[in-house]
Amino acid sequence: MMGSENPGFEESHLFASREEMENLVLDDPLTTTTTTNNNSYSSFRSANSSISDAATRHPLSPPVLSTPAESDPLLSPPVFRNPNASDNNSYIEPPSYADVIFSPFDDNSANEINRVDSTSHDLDSSLTLSRSSSSTSDYIKITVSNPKKEQETTNSLVPGGNTYYTYLITTRTNIADFGSSEFSVRRRFRDVVTLSDRLAESYRGYFIPPRPDKNVVESQVMQKQEFVEQRRVALEKYLRRLAEHPVIRQSDELKVFLQVEGRLPLSTSTDVASRMLDGAVKLPKQLFGESTAVVAPHEVVQPAKGGRDLLRLFKELRQSVANDWGGSKPPVVEEDKVFLEKKEWIHDLEQQISNASQQAESLVKAQQDMGETMGELGLAFIKLTKFENEEAMYNSQRVRAADMKCLATAAVKASRFYRELNAQTVKHLDTLHEYLGLMLAVHGAFSDRSSALLTVQTLLSELSTLHARAEKLEAASSKIFGGDKSRIHKIEELKETIRVTEDAKNVAIREYERIKENNKCELERLDKERRVDFLNMLKGFVVNQVGYAEKISDVWAKVAEETSGYAKDSC
Amino acid sequence: MEQQRSLSGSSQSPRSPSSQPYISVSVTDPVKLGNGVQAYISYRVITKTNFPEYQGPEKIVIRRYSDFIWLRDRLFEKYKGIFIPPLPEKSAVEKFRFSAEFIEMRRQALDIFVNRIASHNMLQQSEDLRTFLQADEETMERLRSHETGIFKKKPADLMQIFKDVQSKVSDVVLGKEKPVEESNPEYEKLKHYVFELENHLAEAQKHAYRLVKRHRELGQSLSDFGKAAKLLGACEGQVLGKAFSDLGAKSEVLSAKLQKEAHQLLMSFEEPLKDYVRAVQSIKATIGERANAFRQQCELAETMKLKEINLDKLMLTRSDRVGEAEHEYKELKAESEEATRRFETIFRLMNEEIVRFQEQKTQDMGVAFHEFAKGQARLANSVADAWRSLLPKLEACSSA
């Protein structure tokens, strides 16, 4: 029809619906040279779009991108791990990202005319830097895919049996311990719950990433496909987080989970229901003194809650009440002032992160809406353009139609940019959400600590009670010449009980100290990694905003230029 | 800041040679007067002109919105065929009637309205315009209150309305309810164009208005986000905390810029679009007038024919009613010719008006698009600059 300055746009002015707008063929900066954006910009753009591929953003992983040419989703993002050999908890020192992502900025960069170039160029060079150093580090890359419906094979009352879903869990790794570099298993969600419970037992005091929720209600209410997909994504995220935890990635539990096919064996301490049942059976015997009323040392390393020993539970409960309401100070208290301050600070931090996360969501929504409305405006003007052209009786109409088309094209382009901007913003600000999830893990670790402390306190109280009883018996017995056979026997028994309890106490104290140490290390790790992750988030967010603002500005500057003939004389 | 908006279209400095006829009007200084439900806004209307019919080089009067309506209605009555410039709507929502934004939008629209009239070669001759621009406030109030509601029409006009209704009814009864329309394909095309155009424009304007809202919403969310970032920064402390605080501060700066741009967008882009829609509605009113005029012309022509036949009959029968009939016929003929003239005037004027309208709108839209693009580019640049200024600091944080 009319002369068009945008060859790619020619066929696109006939759209009437929003879906069609999605497919609008606009100037593709990668293929045309008419836009001000050139090669370096295009690589920045495709670098941005490669983020939108599978790679999940995880707080502990560097947000470095694969190069534009990369298309293999299974190739992991480069993970930098330099095991700190001196620390037997082996928490990993994150690398410095400054050199990797940004070349040093000079003062002139802000004044450079072709600003887009400088930003993207820096990103480009940083991308190549990161790529080359990836091959020397070890990695575990986990993918969850291929959900399949399966039948429960055991007898059940319902004809046809229960069905459940399994997921294919593929691992690629270069860590020698695994024995193989690539392997898969099929697992159901129940296995994940098991894994999570066992990790909780074995790694008390650590910040263990929380597992996905069971979502019982949602599983009934949602569409099956949607729910399964949602779960698949959540599982993948969870397993990846586990694999990035410097300590947990080496755990047997994880290894077994990832490699060994078949039902995950439930250890005796994991089955809550059976534990409670056992405990209920044991309790009467304990109360009547028929079985040991003491806590076995090996059980002391687990918290009382959720355990079999109901009596122990009651004792610790009584102790905790005494702690809170009793007049006297408990035998041992949380003395570490540093820790207490840190705990309060973490609580505050969590609130601020939560707040920021909420506002980030609002921001994302507002950016989304902006893009949408801009696009709708563009579409409306495209329709107007078409209309004026079809019905034109005067040249002034054709001129106006041309102006409208110019504006409409720009609006649609800008709309696209807003939406791309937003997709990236989501990825960056997602770090905030991730850290909220991590806070749950922190709470878990802190409560490991307090329950271990409670166990110690309880045992100490118990010991002092037992000692007091023994003293009384001995005093009474010594009054009888020749000894009191029954009393002596009782004293022997008591002494035995004291001995066992002493052992348990020592174990409990060791466990408590161990957990305290784990807490400390994890807090340090959290601090270090959080700083890095948040800084990267900020950088990513800001770079993203700058990049897209520049693109959007260019689009409109062109229109302003082309309509400059209408400019009023006053500024 | 009074700008010269002379009919010649070219911009002139206020010190143009007085030999050139010029007239320029500005509507300024909105002031709220009165109390409660009776409250209203008054405007200062300043006229600068060297037209001989006008008093002095400058005249200032106080006017209110209903005075403008009076002017528009008078012009619409007298200058059928001309697209009378549109007025901003009465505010439907009480809440916003006195908001600063609404008042400013209305003032701008009223200013444009009067200037369009003043720069139209026919409308500017209007006596009503002179009255509007010069009469003292009491006179204006008297004139204005005359025109409210049904009392707008003089008794003769009222009669005409009743007659029209009557004839319409009898037409229906007699089964003559076919609307009389021109069989003019070009005009049909124009009508179709006008009606369609209104729909398209209304949609564009709707999205433009939404876009203004989106700017405000984005501004608000940036402000909230900034605050949250600052709080998080305070909690984090040290280098990272500073980074968050800086980010928060920039967010708040950008929030303010967005609010500003939203206002600009409203005044320089959305308003012109709304104005365009109103203009099209004004054209529709003129189309209505033309249809009326055409119908009248046809009816009178038909009635005249009947009268002629009747007269001939009477003359043949040498009735003594011939004289009366002749007189009636002459009157009718004059009326019919008058109606034809009226219609033809409208026809001619409309043709001129449509050309002028298209040209004017291309100009108006061009300006609006330019301002829009400028505003968006300016905003995007601010955004880029603000965020970019953070990068060196963030860089420093990483290497620290």
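Residues numbered from 1 in each chain as written. Chains lettered and ligands numbered in written order. Predicted model: local features only at pLDDT ≥ 70, side-chain atom pairs only at ≥ 80, totals over all residues. Heavy atoms only, no water.

Under the annotation held in an unreviewed UniProt entry, chain B carries the name PX domain-containing protein and is attributed to Gossypium stocksii.

Going by an unreviewed UniProt entry, chain A carries the name PX domain-containing protein and comes from Gossypium stocksii. Here is the UniProt Sequence similarities (unreviewed entry) comment for chain A, exactly as written: "Belongs to the sorting nexin family." (UniProt positions renumbered as here; feature names shortened; annotations may be inferred.)

**Q** Any chance you could explain the overall build of chain A here in plain terms?
**A** Each helix and strand in chain A was counted, giving 14 helices and three strands. In chain A, buried positions account for 50% of the 571 residues. In chain A, of all internal contacts separated by at least 6 residues, the share reaching a separation of at least 24 is 75%. Per element, the accessible surface of chain A, about 27700 Å² overall, is 54% carbon and sulfur. (Helix = DSSP H or I, 4+ residues; strand = E, 2+ residues; numbered from the N terminus. Buried < 20%, exposed > 50% of the residue type's maximum accessible area, 1.4 Å probe, protein only. Contact = heavy atoms within 4.5 Å. Areas by Shrake-Rupley, 256 points an atom, 1.4 Å probe, with all protein chains shown as cover.)

**Q** Would you explain the packing of aromatic side chains in this entry?
**A** What characterises a pair of aromatic rings is the spacing of the ring centres plus the angle enclosed by the ring planes. Tallying each qualifying case throughout the model produces 23 aromatic pairs over all chains. Residues Phe-387 of chain A and Tyr-193 of chain B carry aromatic rings whose centres are separated by 5.4 Å and whose planes lie at 5° to one another, so their mutual orientation is stacked. One end of the pair, Phe-387 of chain A, is in helix α12 (residues 337-391); the other, Tyr-193 of chain B, is in helix α6 (residues 185-236), on a second chain. Here the two residues Phe-387 of chain A and Tyr-193 of chain B agree in accessibility, since each one is buried. Ring centres of Phe-541 of chain A and Phe-225 of chain B lie 5.8 Å apart, and the angle between their planes is 50°; this geometry places the pair in the tilted category. Taken as a pair, Phe-541 of chain A in helix α14 (residues 485-562) and Phe-225 of chain B in helix α6 lie in two separate chains rather than in one. Take Phe-541 of chain A and Phe-225 of chain B: they sit in the same class, and that class is buried. The ring of Tyr-40 of chain B has Arg-64 of chain B lying over it, and the distance from NZ or CZ to the ring centre is 3.6 Å. (Phe/Tyr/Trp six-rings, centres within 6.5 Å; stacked < 30°, edge-to-face > 60°. Lys NZ or Arg CZ within 6 Å of the ring centre and 35° of its normal.)

**Q** Help me understand helix α5 (residues 189-202) of chain A in this model?
**A** For the α-helix, the turn length of 3.6 residues means that residues three or four positions removed from each other point alike. All names here are of chain A. Spanning 14 residues, α5 covers 20 Å between terminal C-alpha atoms, matching the ideal 20 Å at 1.5 Å per step. Every buried residue of α5 is listed here: Phe-189, Asp-191, Val-192, Val-193, Thr-194, Leu-195, Ser-196, Leu-199 and Glu-201. Buried residues along α5 sit in contact with β2 (163-173), β3 (182-188), α7 (224-244) and α8 (252-259). (Expected span 1.5 Å × (residues − 1).)

**Q** Sorry, what's going on with the sheet that holds strand β1 (residues 140-151) of chain A here?
**A** By definition, the strands of a sheet pair up through backbone hydrogen bonds, in either a parallel or an antiparallel sense. Residues and elements named next belong to chain A. As summarised here, the arrangement of the three strands in space is β1-β2-β3, forming an open sheet in which the pairing is antiparallel. Both outer strands of the open sheet, β1 and β3, are each paired with one neighbouring strand and no more. Sheet twist, expressed as the average angle between the axes of neighbouring strands with direction ignored, equals 20°. Sheet topology note: the β1/β2 ladder contains ten bridges and is antiparallel. Bridged to Ile-140 within β2 is Thr-173. Here α7 sits on the sheet in contact with β1 and β2, set at roughly 150° to β1. Against the sheet, α8 contacts β1, β2 and β3, and its axis sits at roughly 90° relative to β3. (Pairing = 2+ DSSP bridges. Axes fitted to C-alpha atoms, helices over the stretch in contact; angles between N-to-C directions.)

**Q** Would you mind going over the interface of chain A and chain B with me for this structure?
**A** For an interface, size is often stated in terms of accessible area lost upon the parts coming together. Contacts between the two partners involve 70 residues from chain A and, on the opposite side, 67 residues from chain B. Between chain A and chain B the total buried area reaches about 6300 Å² when both faces are included, carbon and sulfur atoms providing 73% of it. A salt bridge links Arg-388 of chain B to Glu-550 of chain A; its shortest N-O distance comes to 2.8 Å. There are 15 residue pairs in polar contact (both at pLDDT 80 or more) connecting chain A and chain B. Looking at the side of chain A that touches chain B, the elements with two or more residues in it are α12, α13 (395-479) and α14 of chain A. Ranked by the residues each element gives to the side of chain A that touches chain B, the list is headed by α12 of chain A, at 26 residues. When its residues are assigned to classes, the side of chain A that touches chain B shows 42 nonpolar, 13 polar and 15 charged. (Buried area = accessible area lost by both parts, 1.4 Å probe. Salt bridge = Lys/Arg side-chain N within 4 Å of Asp/Glu carboxyl O. Polar contact = N/O pair within 3.5 Å; in protein donor to acceptor, adjacent residues only side chain to side chain. Nonpolar A, V, L, I, M, F, W, Y, C, P; charged D, E, K, R; others polar.)

**Q** I would appreciate a short explanation of the side chain of Gln-352 of chain A in the present structure.
**A** Here Gln-352 of chain A is to be found in helix α12. Sequence-distant contacts of Gln-352 of chain A, defined by excluding residues within four places in its chain, comprise Leu-231, Leu-232 and Cys-235 of chain B.

**Q** Please clarify how the pattern of salt bridges should be interpreted in this entry.
**A** Where charged atoms from two side chains of opposite charge come close, those side chains can pair. Overall, the coordinates contain 60 salt bridges over all chains when judged by the stated rule. Between Arg-232 of chain A and Glu-236 of chain A there is a salt bridge, with its nearest N and O atoms 3.7 Å apart. With Arg-232 of chain A and Glu-236 of chain A both in helix α7 and four residues apart, this pair spans about one turn of that helix. In this structure Arg-232 of chain A comes out as buried when scored by relative accessible area, which is 17%. A cluster of three or more residues bridged by salt bridges with shared partners is formed by Glu-89, Glu-270, Glu-271, Lys-274 and Arg-278 of chain B.

**Q** Please explain the sheet that holds strand β2 (residues 40-49) of chain B as it appears in this structure.
**A** All names here are of chain B. Judged by pairing direction, the sheet is antiparallel, and its three strands sit side by side in the order β1-β2-β3 without closing on themselves. In the strand order of this sheet, the two ends are held by β1 (23-33) and β3 (58-64), each with one partner. Taking each pair of neighbouring strands and ignoring which way they run, the sheet shows an average axis angle of 20°. Pairing of β2 with β3 involves seven bridges; the strand directions are antiparallel. Each residue of the ladder has a partner; that of Ile-46, found in β3, is Ile-60. Packing of helix α1 (residues 65-78) onto the sheet brings it into contact with β1, β2 and β3, and relative to β3 it is tilted by some 105°.

**Q** Looking at this model, I keep getting lost on the packing of α5 of chain A against α7 of chain A. Mind explaining?
**A** Axes are the key here: two packed helices are described by the angle between their axes and the distance separating the axes. Residues and elements named next belong to chain A. Remark: α5 packs on α7, axes separated minimally by 12 Å, with the N-to-C direction vectors making an angle of 30°. Classified by the angle their axes make, α5 and α7 are roughly parallel. Judged by the twist between their axes, the crossing of α5 over α7 is left-handed. Together, Phe-189, Val-192, Leu-195, Ser-196 and Leu-199 of α5 and Arg-231, Leu-235, Tyr-238, Leu-239 and Leu-242 of α7 make up the contact between the two elements. (Parallel < 35°, antiparallel > 145°, perpendicular 65-115°, else oblique. Left-handed = near helix turned anticlockwise from the far one by under 90°.)

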